[in-house]
Amino acid sequence: MLIRRAPDLKSSEITPEHLYWNRREWIAAATAAAGALVLAPGVRPLAALAQGQQRLGMPFGLQPDDKPNSYEDITEYNNFYEFGVDKGDPAARSKGFRTAPWTVRVEGLVKAPASYHLEDFLKPHRIEDRIYRHRCVEAWSMVMPWRGISLADVIKRAEPTSQAGFVEFTTLYDPQRMPGQKSRVLDWPYVEGLRLDEALHPLAFLVTGLYGKDLPNQNGAPLRLHVPWKYGFKSIKSVVRIRLLDKQPRNTWNVAAPGEYGFYANVNPGVDHPRWSQATERRIGEFRRRKTLMFNGYAEQVGSMYAGMDLNKNY
Ligand code: MTE
């Protein structure tokens, strides 16, 4: 991955999230949850934290000092090579990207393959707001207030056959609409994959919105994946195809640099990238570095999926 120095982003005082999100309530709940870590005997600390989060409709897995990044941070500092390789390129160059009409095809080892208009694809599913930690392999992180649907529900609806063991996701390929695809910086279209049990995990999420509004183009409109315990490159943007397979699919960054990026890409502070440490991260909008957490803070929920695997080799 091309690494560039993060510009020191200002976090603006007046941002749309203040309409959506009462920061004092957030801090109060997070602090109460953190207090429960110490105070309540017999209460499992993560469960206590989750209670505080769930009271505000937040998913389990956030840490007490997490708060959502500003709308500006999330929409002006992006990786989306289809629109250029600099962090500001996606916001600048995706403005005219047409995302309607949009077709999503679900196919492969399923009993009910289908092509859907996006509206029909989403219709049977419950739209949820979830706040997820997002850790990029480049050692920066953010907290994203997403809107979307459960990936597991989408996959179950397609009825995978007994041979299906993996899920492949593919981004739109259209160099006219995505000018970055005219350069050979990656092998287009961008593809990603998950093991079927990972894709069926309740945290795996298909994102359609941010801060309660439609997903901005630079964040992967109209439909992108977010797998919060994995490095951000797994969270493929502008998805047009979901395909069930019996073999592990290729994934773009592994094809580009197999010695640097694996298939699993689980966040792991103990396994450094060959060119830099993964032990810490910089939260966009902050100057201090934070310790990176195993599975990006979701170890309790996802750790059992990797029991018995050597995570130093399966990175
Ligand atoms: N998906 C596509 N199609 N193209 C990309 O370049 N970049 C990935 C991922 N999904 C990328 C992609 C990387 S490296 C990261 S860190 C995240 O998108 C960034 O998501 P964000 O811009 O919403 O923070």
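For the structure itself, look to the data block above.
Residues numbered from 1 in each chain as written. Predicted model: local features only at pLDDT ≥ 70, side-chain atom pairs only at ≥ 80, totals over all residues. Heavy atoms only, no water.

## Digging into the nonpolar core
Line of reasoning, step 1. If you look at the biggest cluster of nonpolar residues, it comprises 74 residues, and the most contacted ones within it are Phe121, Leu151, Leu206 and Trp229.
Line of reasoning, step 2. For tryptophan 229, the contacting residues outside a window of four places in its chain are Glu198, His201, Leu203, Ala204, Asn266, Val267, Phe295, Asn296, Tyr298, Val302, Met305 and Tyr306. (Core = buried A, V, L, I, M, F, W, Y, C linked by side-chain atoms within 4.5 Å. Buried < 20%, exposed > 50% of the residue type's maximum accessible area, 1.4 Å probe, protein only. Contact = heavy atoms within 4.5 Å.)

## Examining the packing of aromatic side chains
Line of reasoning, step 1. With the rule as written, the count across this model stands at 15 aromatic pairs.
Line of reasoning, step 2. Seen from their ring centres, phenylalanine 83 and phenylalanine 97 are 5.3 Å apart, and the 70° between their planes marks the pair as edge-to-face. With a gap of 14 residues between them, phenylalanine 83 in the loop between helix 4 (71-76) and helix 5 (89-93) and phenylalanine 97 in the loop between helix 5 and strand 1 (103-108) connect regions that are remote in the sequence. Here phenylalanine 83 matches phenylalanine 97 in class, with each residue buried.
Line of reasoning, step 3. Ring-pair connections join several aromatic residues into one group, and the members of that group are Phe166, Phe263, Tyr264, Phe295 and Tyr306.
Line of reasoning, step 4. The ring of tyrosine 71 has lysine 213 sitting right over it, with the charged end atom 4.8 Å from the ring centre.
Line of reasoning, step 5. One residue, lysine 234, lies across the ring of phenylalanine 263, its end atom 4.3 Å from the ring centre. (Phe/Tyr/Trp six-rings, centres within 6.5 Å; stacked < 30°, edge-to-face > 60°. Helix = DSSP H or I, 4+ residues; strand = E, 2+ residues; numbered from the N terminus. Lys NZ or Arg CZ within 6 Å of the ring centre and 35° of its normal.)

## Remarks on the environment of valine 240
Line of reasoning, step 1. By the secondary structure assignment, valine 240 is in strand 10 (residues 239-245).
Line of reasoning, step 2. The spatial distance from the C-alpha of valine 240 to the C-alpha of phenylalanine 169 is 7.7 Å, given a sequence separation of 71 residues.

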